[in-house]
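Per-entry structural report
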Amino acid sequence: MAETIIIRVQSPEGVKRITAAKRETVATFLKKVAKEFGFRNNGFSVYVNRNRTGEITASQNKSLHLLKIKHGDMLFLFPSSPAGSSSENMDTSISQGLLRPLGVPHVVEDEIDQYLIKQDGKIYRNRDQQLCRHGPLGKCVHCVPLEPFDEDYLNHLEPPVKHMSFHAYIRKLTGGADKGKFVALENISCKIKSGCEGHPPWPEGICTKCQPSAITLNRQKYRHVDNIMFENHTLADRFLDFWRKTGNQHFGYLYGRYTEHKDIPLGIRAEVAAIYEPPQIGTQNSLELLEDPKAEVVDEIAAKLGLRKVGWIFTDLVSEDTRKGTVRYSRNKDTYFLSAEECITAGNFQNRHPNICRLSPDGHFGSKFVTVMATGGPDNQVHFEGYQVSNQCMALVRDECLLPCRDAPELGYAKESSSEQYVPDVFYKDIDKFGNEITQLARPLPVEYLIIDITTTFPKDPVYTFSISQNPFPIENRDVLGETQDFHSLATYLSQNTSSVFLDIISDFHLLLFLVTNEVMPLQDSISLLLEAVRTRNEELAQTWKKSEQWATIEQLCSTVGVPLSGLHEYGATGSSTHAASSAMWACQHCTFMNQPGTDHCEMCSLPRT
């Protein structure tokens, strides 16, 4: 039996051991090397020495013993193409693995992240007439471009920027000599590591290998979103109308897109195009969210419109003077900005919408999901304040380690360990009355250590993803106001909006949701063309969909609710309004029974049609 030997082969990817026979031919051995390293053909060379001398060529006549290759020898492999390139000689999985840190999964980041990765990001400065002593083509310390994470530059902006952008933070991590080769953004874990077999499970035992590390809360230096912008004031006004009419607090999801925020180096802006209001119960001082059966459908429709869920918004408004229209200024530095319960809710939402990141071993790090609160400002007018919670807060909320305080909304409380759950110690640093920095146990915890504020703005020139009407279509889940979404409200909306451009009429976010989610005739399977027309602002596509059978059926249903049809026939697919009224089913005004066309009396209650 041939003697077996092990030969070490070193490559740019590491060292691997190849098992071979002592009398094995060189060609057979090189085939084993190609299979082990993932090469599809002979796109590599193997050398006896590290300096690429003594090349071993494939031969059927020479054996390893003849070349004096012994057990335990080290050979050196060099690919024919540069390492890290997508060469045909190497396996695809290997070539992709060289483009990112070891152990990081292959993920597809958001479009805005892919765009910002390719940007230079440096802050270019003009030549200083007083300090620069060089020619127009020279550079010195006073005019050389700054890095996007330069804290001195950010602090001197107007207003000062306390948090650098997330991509500036990544540039800071990857800006060294190793170019971020060993950078890994690890998510914090507050749970005991599984798989430790040296002792009984908690609460009978725990060791330093499976015990989570203690957490010292620090104010986060970066933020994932640098600005929140509502496209126009109408969005906010329609949302606030609920509080104006009822006095109860209200909640909504923000749908929009992420774009570049050019006021901050490598910044990200969340642009809000629509607000969806889910089922809820609101009072003057509380909010309760109910189960929303339409949540997935709303996300699908928004995705086809080029939108995504970017945050949530809620009101905390108390009227101060109804004659002047002022509200109470209750949230400030002397009270609190976000309560502990609101921080926990924000952390829960951010954990549901993680930020895809190529530098994290988990494939995600932090979140771009934002929190917007409508509350009273220093001038006693309604102000919109934007926030996020830190990644440390997200970890505490995800692992159920943070609780609100019952009698102090500005304080949280880190849970204590129990027989059911081990909770690591949570600390924060503070200044005592003597001016010394001390470390405190987070029982209780000031929530300002968890909050990141974000500027919320409205543009000078309003943007309209959806059309704005003087008589808009009702918003969903506002039955308490007497505003319902049904075919009566649809017929009223169409009769009051007589624009000659069909796309302007149909470009209403709440109207599109009603067409998809109504129980009488849902159009979920046949509305893709219309959504594409709204997304691309294509009137021809909208006109094509208008001629479909689905819109003709919608028109017939609208004609049965007793709304005057003046102007409604302009949007019909076929026939006139008179023909539609005579050939369509009609609803009894007394018992709402749907009767067959051509009858003058209700088949159920026998009362006349009019």
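Residues numbered from 1 in each chain as written. Predicted model: local features only at pLDDT ≥ 70, side-chain atom pairs only at ≥ 80, totals over all residues. Heavy atoms only, no water.

**A short note on the overall build of the chain**
Helix and strand content of the chain: 16 helices and 28 strands. In terms of C-alpha radius of gyration, the chain reaches 33 Å, well past the compact-globule figure of 25 Å for 610 residues. Seen through its C-alpha atoms, the chain measures out along the principal axes to roughly 110 × 75 × 75 Å. Expressed as a percentage of contacts within the chain between residues at least 6 apart in sequence, the contacts between residues at least 24 apart total 64%. (Helix = DSSP H or I, 4+ residues; strand = E, 2+ residues; numbered from the N terminus. Rg over C-alpha atoms; globule rule 2.2 N^0.38 Å. Contact = heavy atoms within 4.5 Å.)

**Quick word on the packing of helix H10 (residues 487-496) against helix H12 (residues 509-517)**
Across the interface, H10 lies against H12 with an axial gap of 12 Å and an inter-helix angle of 140°. Taken together, the axes of H10 and H12 lie oblique to each other. As H10 runs across H12, the sense of the crossing is left-handed. Of the residues in H12, those in contact with Phe487, Leu490 and Tyr493 of H10 are Leu511, Phe514 and Leu515. A per-class count over the contact of H10 with H12 returns 6 nonpolar, no polar and no charged. (Axes fitted to C-alpha atoms, helices over the stretch in contact; angles between N-to-C directions. Parallel < 35°, antiparallel > 145°, perpendicular 65-115°, else oblique. Left-handed = near helix turned anticlockwise from the far one by under 90°. Nonpolar A, V, L, I, M, F, W, Y, C, P; charged D, E, K, R; others polar.)

**Considerations on the packing of helix H13 (residues 528-536) against helix H14 (residues 539-546)**
Between H13 and H14, whose axes approach to 8 Å, the crossing angle comes to 160°. When the axes of H13 and H14 are compared, the pair comes out roughly antiparallel. Relative to H14, H13 is oriented so that their crossing is left-handed. Here Leu529, Leu530, Glu532, Ala533 and Thr536 of H13 come into contact with H14, specifically with Leu541, Ala542, Thr544 and Trp545. Of the residues in the contact of H13 with H14, the class split is 6 nonpolar, 2 polar and 1 charged.

**Regarding unusual backbone geometry**
Between glutamate 158 and the following residue, proline 159, the backbone shows a cis peptide bond with an omega angle of 0°. You can see proline 159 is positioned in the loop between helix H4 (151-155) and strand S6 (164-165). Geometrically, the link from arginine 443 to proline 444 is a cis peptide bond, its omega value of 5° lying close to zero. Despite not being glycine, arginine 52 has its phi angle at roughly 60°, a positive value. By the element assignment, arginine 52 lies in the loop between strand S3 (44-47) and strand S4 (55-56). For leucine 266, which is not glycine, the phi torsion reads 55° and is therefore positive. Along the polypeptide, leucine 266 turns up in the loop between strand S10 (251-261) and strand S11 (267-276).

**A short note on the UniProt feature "domain: MPN" (unreviewed entry) in the chain**
Feature annotation in UniProt assigns "domain: MPN" (unreviewed entry) to the following positions: residues 228-365. Its end C-alpha atoms 20 Å apart, residues 228-365 is made of 27% helix and 36% strand. (UniProt positions renumbered as here; feature names shortened; annotations may be inferred.)

**A short note on the packing of aromatic side chains**
A full pass over the atoms with the stated rule returns 23 aromatic pairs. Taking 5.0 Å as the distance between ring centres and 20° as the angle between the ring planes, the aromatic pair formed by tryptophan 312 and phenylalanine 314 counts as stacked. The pair tryptophan 312 / phenylalanine 314 is uniform in exposure class, with both members buried. Here tryptophan 545 and tryptophan 551 contribute two aromatic rings whose centre-to-centre distance is 5.8 Å and whose plane-to-plane angle is 55°, an arrangement assigned as tilted. Judged by its relative accessible area of 2%, tryptophan 545 is buried. The class for tryptophan 551 is buried, based on a relative accessible area of 2%. Through a chain of ring-to-ring contacts, three or more aromatic side chains come together here, namely Phe251, Tyr253, Trp312, Phe314, Phe349 and Phe369. (Phe/Tyr/Trp six-rings, centres within 6.5 Å; stacked < 30°, edge-to-face > 60°. Buried < 20%, exposed > 50% of the residue type's maximum accessible area, 1.4 Å probe, protein only.)

**Examining the domain arrangement of the chain**
Domain annotation for the chain reports domain 1 (4-79), domain 2 (106-430 + 449-464) and domain 3 (485-561). Averaged C-alpha coordinates put domain 1 and domain 2 at centres separated by 53 Å. (Domains from an automatic or database assignment.)

**Re the sheet that holds strand S19 (residues 370-376)**
The strand order around the closed barrel built from 7 strands is S9-S11-S10-S14-S19-S20-S26, with neighbouring strands paired in mixed fashion. Across the sheet, the mean angle separating the axes of adjacent strands is 35° when strand polarity is ignored. Bridge count for strand S9 (residues 227-230) against S11 is 4 bridges, and the pairing is parallel. The partner of isoleucine 228 across the bridge, within S11, is alanine 270. (Pairing = 2+ DSSP bridges.)

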